[in-house]
Amino acid sequence: RPWHSVASDPSSGNLVKLVFDNEVINIDGRRAAVGPEELPNHMPAGRPSFFVVRYTHQFEGSNESPLVVIYVCPDDVPVRQKMLASSAKAGLVAEIERIASTPVALNMEATDADGLSPDNILDRLHPQSRNSNVHAAAQAAMQQRPKKPGRGPARLPKPVPPPS
């Protein structure tokens, strides 16, 4: 099973492409050393597929290589094929985890090449730290107490003109 070698030995290749054809998942092949920016080039046209990727990257000064499963289903795929492939996804991920004895760190779906971009995958792998500025601003806004209803700003009495 090729995803076993992807999970246990990243030097043997980091991508296994599984294609869904006529209710059967076939292995389309293993590519050696596919970079994150090259994933969109391997997206099939007109049929659902699964990528099992050992996603090697650097994060906060340390090298990481989590196991990622990506379900790719272009918009032009017939509905029946979409439903069949989507229903097979959970079983496939469980089988990959069982055989590879490695948990899948990210299980995601993509419909086009933008979904396979390195930034999109990193945002899903590390959501809190990549969006820390947005997260900090949202927390600061939540900590401010709202104004009481019906209370506007303090009103000062009108100045009385001095007697002349």
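Residues numbered from 1 in each chain as written. Predicted model: local features only at pLDDT ≥ 70, side-chain atom pairs only at ≥ 80, totals over all residues. Heavy atoms only, no water.

Novice: Tell me about the overall build of the protein, residues and numbers included.
Specialist: If you tally the helices and strands in the protein, you get five helices and seven strands. In the protein, the succession of helices and strands from N to C terminus is α-β-β-β-β-β-β-α-β-α-α-α. Here the protein, with 164 residues, has 35% of them falling under the buried criterion. Expressed as a percentage of contacts within the protein between residues at least 6 apart in sequence, the contacts between residues at least 24 apart total 56%. Carbon together with sulfur atoms contributes 52% to the accessible area of the protein, which is approximately 10,500 Å² in total. (Helix = DSSP H or I, 4+ residues; strand = E, 2+ residues; numbered from the N terminus. Buried < 20%, exposed > 50% of the residue type's maximum accessible area, 1.4 Å probe, protein only. Contact = heavy atoms within 4.5 Å. Areas by Shrake-Rupley, 256 points an atom, 1.4 Å probe, with all protein chains shown as cover.)

Novice: Tell me about the side chain of lysine 89, and please be specific about residues and values.
Specialist: Among the secondary structure elements, lysine 89 is positioned in helix H2 (residues 79-100). Each residue touching lysine 89, except ones within four places of it in the same chain, is listed here: Phe50, Tyr71, Asn107 and Glu109.

Novice: Could you give an account of a negative patch on the surface, with specific residues and numbers?
Specialist: A cluster of like negative charges, contributed by Asp75, Asp76, Asp112 and Asp114, occupies part of the molecular surface. Looking at the element boundaries, aspartate 114 is found in the loop between strand S7 (104-110) and helix H3 (118-125). (Patch = residues over 30% accessible without salt bridge, like charges linked within 9 Å, V, L, I, M, F, W, Y side chains within 5 Å. Salt bridge = Lys/Arg side-chain N within 4 Å of Asp/Glu carboxyl O. Lys, Arg positive; Asp, Glu negative; His and termini not counted. Charge placed at Lys NZ, Arg CZ, Asp CG, Glu CD.)

Novice: Outline H3, listing residues and values.
Specialist: Residues of H3 that are buried: Ile121, Leu122 and Leu125. Take H3 and look down its axis: the buried residues cluster within an arc of 95°, on one side only. (Arc of directions from axis to C-beta.)

Novice: Got a sec to walk through the nonpolar core? Specific residues and values, please.
Specialist: Counting residues in hydrophobic clusters, the biggest one holds 17 residues, and the most contacted among them are Leu39, Phe51, Tyr55, Ile70, Leu116 and Ile121. The residues touching phenylalanine 51, leaving out its near neighbours within four places in the chain, are Leu15, Val16, Lys17, Leu39, His42, Met43, Pro44, Val68, Val69, Ile70, Val72 and Leu116. Within the second largest apolar cluster, 15 residues are counted, among which are Leu67, Val69, Tyr71 and Val104. (Core = buried A, V, L, I, M, F, W, Y, C linked by side-chain atoms within 4.5 Å.)

Novice: An account of the pattern of salt bridges is needed here, citing residue identities and associated values.
Specialist: With the rule as written, the count across this model stands at two salt bridges. Note that glutamate 109 is salt-bridged to lysine 89, the shortest N-O span being 2.6 Å. Here the residue glutamate 109 occupies a position in strand S7, and lysine 89 occupies one in helix H2, the gap between them amounting to 20 residues.

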